[in-house]
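Overview (structure and organization)
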Amino acid sequence: MGTLTSLSTVRAKARPPSVFERDLSVVFNEPVNGEYVRLALAAPSHLLERCRAGQFFHLLCPASGEDKPYLRRPMSIYGFFPKQGELHFLYKVTGAGTRALSKLCTGDSLNVLGPLGVGFRIEDDWRNLVLVARGVGLATLAPLALEARNRGRHLTAICSARSHDVLMSLDYFAEMGAEIITVTDADGTSEMGNVEKIIKRLVAGRGVDAFYTCGSNRMLTLLQALGQRYHIPGETALEQQMACGLGMCHCCVRPFRKAGALVQLRVCREGPVFDLQEAMPW
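For every chain, the first residue of the written sequence is number 1, and numbering continues from 1 along that sequence. Note on the predicted model: pLDDT of at least 70 is required for a residue's local features to be given, and 80 or more for side-chain atom pairs to be given and counted; whole-chain, interface and lining totals, by contrast, use all residues. Note that water and hydrogens are dropped before the side-chain values are worked out from all heavy atoms of the structure.

**Side note on the environment of Ala261**
- With respect to the element layout, Ala261 can be found in strand E15 (residues 261–266).
- Here the term buried applies to any residue with accessible area under 20% of the maximum for its type, exposed to any over 50%, and partly exposed to those in between, with areas from a 1.4 Å probe on protein chains only. A residue is classified by how much of its surface remains accessible, and Ala261, at 12% relative accessible area, is buried.
- It is 36 Å that separates the C-alpha atoms of Ala261 and Tyr70, two residues lying 191 residues apart in sequence. Secondary structure elements follow DSSP: runs of H or I no shorter than four residues count as helices, runs of E no shorter than two count as strands, and numbering proceeds from the N terminus.

**Examining the UniProt feature "binding site: [2Fe-2S] cluster" (unreviewed entry) in the chain**
- UniProt positions are given in the numbering used here, feature names are shortened, and annotations may be inferred rather than shown by experiment. In the numbering used here, UniProt assigns the "binding site: [2Fe-2S] cluster" (unreviewed entry) feature to Cys244, Cys249, Cys252 and Cys268. A maximum C-alpha distance of 10.2 Å is found for the annotated residues, which run over 25 residues; spatially they form one tight group.
- Within the fold, Cys249 resides in the loop between strand E13 (234–237) and strand E14 (253–258).
- Given the relative accessible area of 38%, Cys249 is considered partly exposed.

**Regarding the side chain of Arg72**
- Within the fold, Arg72 resides in the loop between strand E4 (56–60) and strand E5 (73–76).
- Note on Arg72: relative accessible area 14%, which makes it buried.
- Any N or O atom pair separated by 3.5 Å or less is treated as a polar contact, with the protein-specific requirement of one donor-capable and one acceptor-capable atom, and with residues adjacent in sequence counted only for side-chain atom pairs. Of note is the side chain of Arg72, whose polar atom sits 3.0 Å from the side chain of Glu21.
- Contact definition: two residues touch when any of their heavy atoms are within 4.5 Å. Among all residues touching Arg72, those that are not within four sequence positions of it are Glu21, His58, Leu59, Leu60, Asn111, Val112, Leu113 and Met242.

Set out below in structure tokens:
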């Protein structure tokens, strides 16, 4: 398993945060299907220009009725649009924090802290990209499609969900010029054996230069195996409970494989995007 490297040996390598805390006005807060809600906030261009695909904001969910969330909620950036002056999030109502978010109306104010964390990268020689994600993990990967289009890369999006009704971001991926492949539990196509066959066909055809994933332990494990077999690099965005979001509280520390050693890294500060092969399935 390797030697245990303390967090202090890697802390100095983390970039100092450059973030804003401010109140933003709600543009809209509307359901996109039976499970997920899209929240749009009006934001200044100088804030949006700092955002990168894979980063997140820490949201101060408002107190509402019996729901009085104490800690902020980390939420991946779904979209950032400097020309429109909008910052978008996609969330599912699962507890007090997201329940309070769902009650926000146009014109209400929401306090946000960010952008936080390390985003995705696209190396110069990564021409054919494949993202594989499930459920709300597709929200985290959605901005990657915009970056891929802007940089002239070919993107294939393998989108997984329980049923077609709750598949996320299909129109957005199509608008960005991505090739879309959908798999669902309802028709049996989301089984990992089938997803593996799809990816192998892509490798044998156009070829794959990099993998990206988020939101599924099974998909992470599959892409790690395929990455090792075909020598394809990649990145994964991890989800983790957080308190401060700035790296001070160490609430989000997880183990990673790095240079033959086991290291403890903060998802909020050294991540949430990590090298595909360094992440450890949970």
